[in-house]
Amino acid sequence: MGVNMKKGQGSIEYLVMVTVALILLALVFHYVYTSSKGVPITGITYIDPELSPEKPGYDHPVTWVVYKYPLGCEATKNCDFYVSVNLHYYPDTGKYRFWVYANGDSADTKKIRVRLCNGATGEWNFPEDKGKNKINGVYLHEDDFPCALSIMAWRR
């Protein structure tokens, strides 16, 4: 009373099931991969003139604060992107002026958006805006520090 099966019929059914499973797995991988590209990388760094290294060669104190991704990379090497804050102090007014720019690998980075603690924002679209200043000469007072710099970056 067994089921009448032709020779090799079980292996064909097995191959069809494996093929369907592989197709489903490929669809799930494709969906997860494409949807993850829409999620930005987020970061935050704090700007504090007292904790930032001063750069020599200027007639007034100048410091740089750099946010790098991935963390620990060197800004000009092996970084997918970096955001640099150039901070000038003017003792006669007691104010600081900011210049912010973003740079990095255009093949990996699609867009970067930053927001300073005072609400100033900048957005870079790669490769067109790579290395450009997008926040120019924004003023902050000494009592505005430490100032948070929020970063969002979208990858390709």
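The coordinates are above.
Residues numbered from 1 in each chain as written. Predicted model: local features only at pLDDT ≥ 70, side-chain atom pairs only at ≥ 80, totals over all residues. Heavy atoms only, no water.

Quick notes on the overall build of the protein chain
Looking only at helices and strands, the protein chain has one helix and nine strands in total. Along the protein chain, helices and strands appear, N-terminal first, in the series α-β-β-β-β-β-β-β-β-β. Here the protein chain holds 156 residues, and 34% of them are scored as buried. A separation of at least 24 residues holds for 55% of the contacts in the protein chain among residues at least 6 apart in sequence. As presented, the protein chain carries roughly 10,200 Å² of accessible surface, and 57% of it is formed by carbon and sulfur atoms. (Helix = DSSP H or I, 4+ residues; strand = E, 2+ residues; numbered from the N terminus. Buried < 20%, exposed > 50% of the residue type's maximum accessible area, 1.4 Å probe, protein only. Contact = heavy atoms within 4.5 Å. Areas by Shrake-Rupley, 256 points an atom, 1.4 Å probe, with all protein chains shown as cover.)

Thoughts on the state of the cysteines
Applying the stated criterion to the full structure yields two disulfides. A sulfur-sulfur distance of 1.8 Å marks the disulfide that ties Cys73 to Cys79. Residues Cys73 and Cys79 are joined through a disulfide that is right-handed, its torsion about the S-S bond being 100°. As far as burial versus exposure is concerned, Cys73 and Cys79 are alike and both buried. Residue pairing for Cys117: its cysteine sulfur links by disulfide to Cys147, the two sulfurs lying 2.1 Å apart. Linking Cys117 and Cys147, the disulfide has an S-S dihedral of approximately -105° and is accordingly described as left-handed. Placement of Cys117 in the loop between β6 (109-116) and β7 (121-125) and of Cys147 in strand β9 (residues 147-155) is noted, with a sequence separation of 30 residues between them. Overall, Cys117 belongs to the partly exposed group, its relative accessible area being 39%. In the protein chain, the bonded cysteines, taken in the order they occur along the sequence, pair up as 1-2, 3-4. (Disulfide = S-S within 2.5 Å.)

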